[in-house]
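Letter by letter, the chains look like this.
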Amino acid sequence: MAEKKKADKGTFKKVMTYIGKYRLLMFLSIVMAALTVALTLYVPVLIGDVIDLIIGKGQVDFKGIAKLLKEIALIAAATAAVQWLMNTVNNRITYHIVRDMRNEAFMKIQKLPLSYLDIHPAGETVNRVIADADQFADGLLMGFTQLFTGVVTILATLIFMLTINWKITLTVVILTPLSLFIARFIAKKTYAMFRLQSETRGEQTAFIDEMISNQKVVQAFCHEDEAMEKFDEINDRLQKCSLRATFFSSLTNPTTRFVNNVVYAAVALTGAIACVKTANALDPFTVGMLSVFLSYANQYTKPFNEISGVVTELQNALACASRLFELIEEEPQIPDADDAKVLENAEGRITLDNVAFSYVPDKKLIEDLTLSVEPGQRVALVGPTGCGKTTIINLLMRFYDVNGGSITVSGDDIRNVTRASLRGSYGMVLQDTWLRAGTVRENIAYGKPDATMDEVIAAAKAAHAHSFIRRLPDGYDTVIAEDGGNISQGQKQLLCIARVMLCLPPMLILDEATSSIDTRTEVRIQKAFARMMQGRTSFIVAHRLSTIREADVILVMKDGHIVEQGNHDQLLAQGGFYAKLYNSQFEGVQT
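All figures in this text were calculated on a predicted structure; none of them were measured in a lab.

Here we take up the overall build of the protein. Along the protein, the regular secondary structure elements total 20 helices and twelve strands. Out of the 591 residues belonging to the protein, those deemed buried represent 45%. A separation of at least 24 residues holds for 77% of the contacts in the protein among residues at least 6 apart in sequence. A total accessible area of about 31100 Å² is found for the protein, and carbon and sulfur atoms account for 59% of it.

Structural data, given as structure tokens:
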């Protein structure tokens, strides 16, 4: 409980830090709130005067009433204008704060280690940045809109009531704070409920994202019913926790209204008694004054009701903000050292010295891996699934840091060079393609935005993508959907290959780069790769061993270790693990 309170206070302080960036707008909002209240509270005085003019002397003063009504109309118009300006300022503050928080969250995502993204569902992270931020904005806007005005209204009406009758004012002051105590009690109970609601909503978003992204697999394995059952289970939990949070939070309004009605009745009773007792006094408490006092009492109690509602809504806002802050405050990947050098003109000499790495500390993966690659060598990595091939690629690109040993490029430990310069020295084509929403040209030029059209076309021709691009509706200006949804998987992979062909860095990584391409096109691509790899250090990961026969060195991996090393003919002659892997692809073939 103590830790929870501490966390709640921490979240509130962080929110106040963001609000503090807009002090000038905040001051303007408070001034507008005070002006709105002043204008609003002046109207009951005029109405009281109208009542006294009507019933005070038994003769209606129509000229005086008309003058007062004009004043009331002008004040109403001025109040509307000031309220509009105040709401505009509050909207600006709120959505600037949410914008800043979303910017920081997205910037943090760019700096998070891949290990975080591997273990956290993408949909849950998206929910924090989108849905939780929206919920926080709603609560914050309500706070700005009602909190400032409410506080100023309470103070101003209290002063006005004291000037009219301090005894009746005392009755109001004693009874009204009961609504705040009730609201505070309910708010404490609802914070955990709103937090659970936000977490469950994130779980649901992650599940929906997973199902939509993999709908082909779901349908192919007839998993629709099971997916629907899982969704129903999450949806039911979200319904229950949402109803529970909403029910308890909604208790605030009727309970505080009950207190306000009691206050109003007490003022009416004591005020009526005062009117009767002072009817013949020199300074009587008139019916008009009672009308003004009742209006002020209503104005005084109304903010308590609104503030109590705001307090409850802020619990939901703070619960959502805390989840967003958790993302913002996640430990980023180890930053580049202050003295990190920029890797320039890397010739491609790579050394792995006693490298050890594991994703989970208790489960060893790579141990004592030593490898020396000379500039221009073509190195193939083969082995059964889970042996560590892709892990080596992740380590070379420094997506993960080694747990032990070192990796050097051109004699420099990759931990001592900037990540940008290291990764810029590699060209990478993966089995899993990725394209952004944009034109074909923009996707090919992703790694070299300043490339000319001639360079883009040359890269596309080298990747054998030019012919299908020409057949697209607008050629290189054709807009493709997010992740290339409106072109085939093979075409997406050709565009990714063209992207690398355009940059031509000194080192290449090809991880099942032709897995989605037809056999005829693959032969052409392999020839293009052969030309591209000349003079460049290349790492090739392939399950089809026929595609790496021309590699200078083949590293055969098993359980995180290199068990065999040599070229294709040497490894076949040894008759070891590689020979078994190679021959297994021909098993069952009739001769």
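Having seen it, we continue.
On to the side chain of Asp-413, then. Relative to the helices and strands, Asp-413 resides in strand E5 (residues 412–413). Within polar-contact distance, the side chain of Asp-413 engages the backbone nitrogen of Arg-415 at 2.9 Å. Beyond its immediate chain neighbours, meaning those up to four positions away, Asp-413 contacts Ser-406, Ile-407 and Thr-408.

Relative to the helices and strands, Phe-357 resides in strand E1 (residues 350–357). For Phe-357, a relative accessible area of 5% gives the class buried. Sequence separation between Phe-357 and Tyr-400 is 43 residues, and the spatial gap between their C-alpha atoms is 9.0 Å. Apart from residues no more than four positions distant in its own chain, Phe-357 is found in contact with Leu-365, Ile-366, Thr-391, Leu-395, Tyr-400, Asp-401, Val-402 and Asn-403.

Before going further, it helps to examine the packing of aromatic side chains. All chains considered together, the criterion is met by four aromatic pairs. Here Lys-558 stacks its cationic end above the ring of Phe-577, 5.1 Å away from the centre of that ring.

The next point concerns the sheet that holds strand E9 (residues 507–511). One open sheet accounts for six strands, arranged E6-E9-E10-E3-E11-E12; its pairing is mixed. If you trace the sheet from one side to the other, it starts and ends with strand E6 (426–429) and strand E12 (561–566), each paired once. Averaged over all pairs of adjacent strands, the angle between strand axes in this sheet comes to 20 degrees, irrespective of strand direction. Where E9 lies against strand E10 (residues 537–541), five bridges are found, and the strand directions are parallel. Bridge pairing in E10 places Met-507 opposite Thr-537. Of the strands in this sheet, E6 and E9 are in contact with helix H17 (residues 489–503), which crosses E6 at around 170 degrees.

The antiparallel open sheet is built from four strands, whose spatial order is E2-E1-E4-E5. Edge positions in the sheet fall to strand E2 (366–373) and E5, since each of these pairs with one other strand and no more. Contacting E1, E2 and strand E4 (404–409), helix H12 (residues 389–396) runs over the sheet at an angle of about 115 degrees to E1.

Looking now at helix H20 (residues 577–584). Of all the positions in H20, only Tyr-578, Ala-579 and Tyr-582 are classed as buried. Down the axis of H20, the smallest arc covering the buried residues is 100 degrees, so these residues share one side. The inward-facing, buried residues of H20 abut strand E3 (378–382), strand E11 (553–558), E12 and helix H19 (568–574).

With that settled, consider a nonpolar patch on the surface. Together, Leu-162, Trp-166, Leu-170 and Ile-174 make up an exposed nonpolar region whose accessible area comes to about 450 Å². Top element by residues in the nonpolar patch is helix H6 (residues 166–175). It accounts for three residues. Take Ile-174: it is sitting in helix H6.

This part covers the packing of helix H5 (residues 122–164) against H6. At a minimum axis separation of 6 Å, H5 and H6 run at an interaxial angle of 145 degrees. For the pair H5 and H6, the contacting residues are Leu-158, Met-161, Leu-162 and Ile-164 in the first and Trp-166, Thr-169, Val-172 and Val-173 in the second. Of the residues belonging to the contact of H5 with H6, the class tally is seven nonpolar, one polar and no charged.

The next thing to look at is a negative patch on the surface. A cluster of like negative charges, contributed by Glu-224, Asp-225, Glu-226, Glu-229, Asp-232 and Asp-236, occupies part of the molecular surface. Here Asp-232 shows up in helix H9 (residues 224–250). A residue is classified by how much of its surface remains accessible, and Asp-232, at 34% relative accessible area, is partly exposed.

Here we come to a positive patch on the surface. Together, Arg-520, Arg-524, Lys-527 and Arg-531 make up a region of like positive charge exposed at the surface. Along the chain, Arg-531 turns up in helix H18 (residues 519–533).

Phi at Asp-368 is positive, roughly 50 degrees, even though this residue is not glycine. Positionally, Asp-368 belongs in strand E2. Judged by its relative accessible area of 58%, Asp-368 falls in the exposed class. If you check the backbone angles, His-464 has positive phi at about 60 degrees while not being a glycine. Turning to its location among the elements, His-464 is positioned in the loop between helix H15 (453–462) and helix H16 (466–470). Residue His-464 is classed as partly exposed on the basis of its relative accessible area, which comes to 28%.

Parameters at a glance
- Residue numbering note: each chain is counted from 1, following its sequence as written.
- Where totals are concerned, whole chains, interfaces and linings use all residues; where local detail is concerned, this predicted model gives features only for residues with pLDDT of at least 70, and gives and counts side-chain atom pairs only at 80 or more.
- As a rule here, side-chain values come from all non-hydrogen atoms in the structure, and water together with hydrogens is ignored.
- Only runs of H or I of at least four residues qualify as helices and only runs of E of at least two qualify as strands under DSSP, and these elements are numbered from the N terminus.
- Exposure is judged per residue with a 1.4 Å probe applied to protein chains only, and the accessible area is read against the type maximum: over 50% gives exposed, under 20% gives buried, and values in between give partly exposed.
- Note on contacts: a residue pair is in contact if any heavy atoms of the two residues lie within 4.5 Å.
- Exposure was quantified through the Shrake-Rupley algorithm and a 1.4 Å probe, taking into account, for residues, occlusion by the shown protein chains and nothing else.
- Throughout this description, a polar contact denotes any pair of N or O atoms lying within 3.5 Å of each other; where both atoms belong to protein, one of them has to be capable of donating a hydrogen while the other can accept it, and for residues adjacent in sequence the pair is counted only when both atoms sit in side chains.
- A pair of aromatic rings is counted whenever rings of Phe, Tyr or Trp (Trp by its six-membered ring) have centres within 6.5 Å, and the orientation is called stacked for planes under 30 degrees apart, edge-to-face for over 60 and tilted otherwise.
- Both a distance and an angle decide whether a charge sits over a ring: NZ of Lys or CZ of Arg must be within 6 Å of the ring centre and within 35 degrees of the ring normal.
- The pairing criterion for strands is at least two bridges between them, as found by DSSP.
- Angles shown run from 0 to 180 degrees and are taken between the N-to-C directions of axes, each axis being a line fitted to C-alpha atoms and, for helices, limited to the stretch in contact.
- Throughout, the arc means that of the directions going from the helix axis to the C-beta atoms.
- Nonpolar side chains (Val, Leu, Ile, Met, Phe, Trp, Tyr) are joined into patches within 5 Å and like charges within 9 Å, using only residues with over 30% relative accessible area and no salt bridge.
- Just to be clear on terms, a salt bridge is a Lys or Arg side-chain nitrogen sitting within 4 Å of an Asp or Glu carboxyl oxygen.
- Basically, the charged four are Asp, Glu, Lys and Arg, the nonpolar ten are Ala, Val, Leu, Ile, Met, Phe, Trp, Tyr, Cys and Pro, and anything else, Gly included, counts as polar.
- For the purpose of charge, His is not counted, nor are the chain termini; Lys and Arg are scored as positive and Asp and Glu as negative.
- By convention, charge coordinates are those of NZ in Lys, CZ in Arg, CG in Asp, or CD in Glu.

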